[in-house]
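# Architecture at a glance
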Amino acid sequence: NAGVTQTPKFQVLKTGQSMTLQCAQDMNHNSMYWYRQDPGMGLRLIYYSASEGTTDKGEVPNGYNVSRLNKREFSLRLESAAPSQTSVYFCASSEIPGGFGSPLHFGNGTRLTVT
Amino acid sequence: GENVEQHPSTLSVQEGDSAVIKCTYSDSASNYFPWYKQELGKGPQLIIDIRSNVGEKKDQRIAVTLNKTAKHFSLHITETQPEDSAVYFCAALQDFKTIFGAGTRLFVKA
């Protein structure tokens, strides 16, 4: 049982380049999330998808787009990377959307550096 | 929106001592409060959670307390061991969004 799988594990981009971070879960969870983690700032929510076919902005959506491709997969796209987007990106999933108290299951992250 | 503050940012204890991490939240509509442990190079993992209709929950050496009136909740780890060394995050759930505190780096000295 793989849980939440993220690819790639590491990536270096130049300013202005684009890339897509991939995430897939095999737990049949309804909701999926993208977070970024920066030193001293915890994890901040970028975008989330409460259920297949829906996406919504989180705390820090600027500069990102997402696609919920199907129930299993949720991708994060950087159209024009900036140094401020250097971070560790985590994908997560949960069984039940939002307010019913379902814990998040995280992948092991993508470490992105933008030069 | 929800805001979660977490203290301390760093905590160092001797093996066998207790560790306490405290968090406050701002949105009274928040109803679910999970705690996550993150080891180096990995994603956070749930260690314990509490819902707003419960005041305290315990799982072996770990306990969490919730004070809804004061809007604060705490993690207590007893009889700490070196393998407890990690970064711990508190979080609060409001609507579909889980909002995290900034994290506490716990060092347990053998």
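Conventions we followed
Residues numbered from 1 in each chain as written. Chains lettered and ligands numbered in written order. Predicted model: local features only at pLDDT ≥ 70, side-chain atom pairs only at ≥ 80, totals over all residues. Heavy atoms only, no water. Contact = heavy atoms within 4.5 Å. Buried area = accessible area lost by both parts, 1.4 Å probe. Salt bridge = Lys/Arg side-chain N within 4 Å of Asp/Glu carboxyl O. Polar contact = N/O pair within 3.5 Å; in protein donor to acceptor, adjacent residues only side chain to side chain. Pairing = 2+ DSSP bridges. Helix = DSSP H or I, 4+ residues; strand = E, 2+ residues; numbered from the N terminus. Axes fitted to C-alpha atoms, helices over the stretch in contact; angles between N-to-C directions. Phe/Tyr/Trp six-rings, centres within 6.5 Å; stacked < 30°, edge-to-face > 60°. Buried < 20%, exposed > 50% of the residue type's maximum accessible area, 1.4 Å probe, protein only.

This next bit is on the interface of chain A and chain B. The interface of chain A with chain B comprises 24 residues on the first partner and 20 residues on the second. Between chain A and chain B, roughly 1,700 Å² of surface is buried when both sides are summed, and carbon and sulfur atoms account for 59% of that area. When the buried surface of chain A facing chain B is broken down by residue, L43, G101 and F106 of chain A rank first, second and third, together holding 23% of it. Run the count over chain A and chain B and you get zero salt bridges. Seen at the junction of chain A and chain B, the total is four residue pairs in polar contact (both at pLDDT 80 or more).

Moving on to the sheet that holds strand 8 (residues 72–77) of chain B. Residues and elements named next belong to chain B. Strand order in the open sheet formed by five strands is 1-3-8-7-6, and the pairing between neighbours is antiparallel. Of all the strands in the sheet, just strand 1 (4–7) and strand 6 (56–59) have a single pairing partner and so form its edges. Sheet twist, expressed as the average angle between the axes of neighbouring strands with direction ignored, equals 15°. Relative to strand 8, strand 3 (residues 19–25) runs antiparallel, the two being bridged by six bridges. Residue C23 lies in a different strand from strand 8, and its bridge partner there is F73.

All names here are of chain B. You can see K37 is positioned in strand 4 (residues 32–38). Among the polar contacts listed, one links the side chain of K37 to the backbone oxygen of E83, at a separation of 3.0 Å. Beyond its immediate sequence surroundings of up to four residues, K37 is in contact with G43, P44, Q45, I47, E83, D84, A86, V87 and Y88.

All names here are of chain B. With four bridges connecting them, strand 6 and strand 7 (residues 62–67) associate as antiparallel partners. Counted as the bridge partner of E56 is T65 from strand 7. Two elements, strand 7 and strand 8, share six bridges in a ladder whose sense is antiparallel. Directly across from L66, in strand 8, lies its bridge partner F73. Linkage of strand 7 to strand 8, two consecutive antiparallel strands, is achieved through a turn of four residues, within which K71 is found at a positive phi near 60°.

Centre distance and the angle of the planes are the two values used to describe a pair of aromatic rings. Under the definition given, this model contains 13 aromatic pairs over all chains. Geometrically, the ring pair formed by F33 of chain B and F73 of chain B is tilted, given 4.9 Å between the ring centres and 50° between the ring planes. Remark: F73 of chain B occurs in strand 8 and F33 of chain B occurs in strand 4; sequence separation between them is 40 residues. The residues F33 of chain B and F73 of chain B share a single accessibility class, namely buried. Site record: aromatic cluster; members linked through ring pairs are Y35, F90 and F106 of chain A together with Y36, F89 and F100 of chain B.

Residue and element names in this part refer to chain A. Read from one edge to the other, the open sheet built from four strands follows the order 1-3-8-7, with strand pairing classed as antiparallel. In the strand order of this sheet, the two ends are held by strand 1 (4–7) and strand 7 (64–68), each with one partner. Within the sheet, the average angular offset between the axes of one strand and its neighbour, ignoring direction, is 15°. Here strand 3 (residues 19–25) runs beside strand 8 (residues 74–78); their pairing, made up of three bridges, is antiparallel. Its bridge partner lying in strand 8, M19 is registered against L78.

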